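As a plain string of letters, each chain reads:
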Amino acid sequence: MKFITVKSYDELSKKAANIIAAQVILKPCSVLGLATGSTPLGTYKKLAEYNKAGDVDFADVTSVNLDEYQGLKGDNDQSYRYFMDNNLFKNINIDINKTFVPDGCAVDLAKEGQRYDELIKNLGGIDLQLLGIGLDGHIGFNEPDEVFTKETHEVELDPSTIEANARFFASKDEVPKKAITMGMMSIMQAKKILLIANGKNKKDIVEKSFFGPITPQIPASILQLHPDVTVVFSEE
Ligand code: PGA
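Read on for an overview of the structure.

Scoring rules and cut-offs
Each chain has its residues counted from 1, following the order in which its sequence is written. Under the rules for a predicted model, residues below a pLDDT of 70 receive no local features and side-chain atom pairs below 80 are neither given nor counted, while totals for whole chains, interfaces and linings still include all residues. To get the side-chain values, take all heavy atoms of the structure and skip hydrogens and water. We define a salt bridge as a side-chain nitrogen of Lys or Arg found within 4 Å of a carboxyl oxygen belonging to Asp or Glu. Helix numbers and strand numbers start at the N terminus; a helix is a DSSP run of H or I with at least 4 residues, a strand a run of E with at least 2. Residue burial is assigned from relative accessible area. The probe radius is 1.4 Å, only protein chains are included, and a residue is buried under 20% of its type maximum, exposed over 50%, and partly exposed in between. As defined here, a cavity is a set of points on a 1 Å grid over the protein atoms alone where a 1.4 Å probe fits but cannot get out. A pocket is an open set with protein on both sides within 12 Å along at least five of seven lines, and residues line them when an atom is within 4 Å of a point. Grid points are joined across faces, edges and corners, and a volume is the space filled by probe spheres set on the points. Residues were grouped as follows: Ala, Val, Leu, Ile, Met, Phe, Trp, Tyr, Cys and Pro as nonpolar; Asp, Glu, Lys and Arg as charged; and all remaining residues, including Gly, as polar. Here, strands pair whenever DSSP counts at least two bridges between them. Pairs of residues are marked as contacts when any of their non-hydrogen atoms sit within 4.5 Å. Interaxial angles span 0 to 180 degrees and are taken between N-to-C directions of axes, which are lines fitted to C-alpha atoms, for helices over the stretch in contact.

### Digging into the pattern of salt bridges
Under the counting rule described, the total for this entry stands at 10 salt bridges. Here Arg81 makes a salt bridge to Asp85, at a shortest N to O gap of 2.9 Å. Pair noted here: Arg81 and Asp85 are both in helix 3 (residues 80–87), with a separation of four residues, about one helical turn. No difference in accessibility class separates Arg81 from Asp85, as the two residues are buried. For Glu154, the salt bridge is made with Lys178, and the minimal N-O distance between the two is 3.4 Å. With Glu154 in strand 7 (residues 153–156) and Lys178 in strand 8 (residues 178–181), this residue pair connects regions lying 24 residues apart in the sequence. Of the residues examined, Glu154 reaches a relative accessible area of 38% and is grouped as partly exposed. The network of salt bridges with shared partners includes Lys27, Asp127 and Lys191.

Spelled out as structure tokens, the structure:
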């Protein structure tokens, strides 16, 4: 594991964007696993700058996102599809038809999970997976549990996740209670993992995840078993 500690959010964003840019420069047809949340916003902004400057070309890139809220359509401004379109995809030259987010409105989420895993498999797996980390140690929406779940699956969001994400909604009651998330199989089979964490309040969970026991109660701890993980952490 490579653990990079930086001094500011701006530095974190630059480091993460540089790692993603390097991946795309070295392999233009990369499959990027992407994440939502407030942490990747600066990274996505930098990638858009690099793309605009002509330094990175996303024309041949495919992306697969980690998760989506249940019941939110892509044009709902709280959906993760909307987040990705507006914070990254519209600002770079990626082909929107090659950007994938699980369908939180699918009638049968179990079937949608199977479809999503099949899609990732058919793409040849993920070259670089970007991850944030929740205060409870979740990656994607894999919440603390008795087991690590392999497949893309429906989840009930942890009360702490609902609390943390309420800041993006008009009220806590509007935060969906369920979601669909990539499971540990696609994440762990990614060739490289890049986890970004920002802020003093993440320090404790980052320590537990990477320096404590491996347990599904701290989902990110499974990453200790991955052969190529880079963590970029800023205490700002
Ligand atoms: P954040 O979310 O980037 O908004 O802190 C991270 C996560 O919940 O995975």
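There's plenty left to go through after this.
### Re empty space enclosed by the protein
Summed over the entire model, instances satisfying the criterion amount to one cavity of 30 Å³ or more. Approximately 40 Å³ is the volume attributed to the largest cavity. What lines the largest cavity is Ile20, Leu32, Leu34, Leu47, Phe58, Val61, Ser63, Leu88, Ile92 and Ile94. Split by residue class, the lining of the largest cavity holds nine nonpolar, one polar and no charged.

### Some points on the sheet that holds strand 9 (residues 192–198)
Read from one edge to the other, the open sheet built from seven strands follows the order 1-10-9-6-2-3-5, with strand pairing classed as parallel. Each having just a single partner strand, strand 1 (2–6) and strand 5 (99–100) make up the two edges of the open sheet. Direction of pairing for strand 9 relative to strand 10 (residues 229–234): parallel, over a ladder of six bridges. Looking at strand 10, one finds that Ile193 is bridged to Val229. Against the sheet, helix 7 (residues 203–211) engages strand 1, strand 9 and strand 10, with an angle of about 160 degrees to strand 10.

### Some points on the sheet that holds strand 8
On the basis of which strands lie adjacent, the open sheet formed by three strands has the order 4-8-7 and antiparallel pairing. With partners counted over all chains shown, the strands left at the sheet margins are strand 4 (67–69) and strand 7, one partner each. Going across the sheet, the axis of each strand differs from the next one's by a mean of 25 degrees, ignoring polarity. Relative to strand 8, strand 7 runs antiparallel, the two sharing four bridges.

Purely geometric numbers; function is a separate question.
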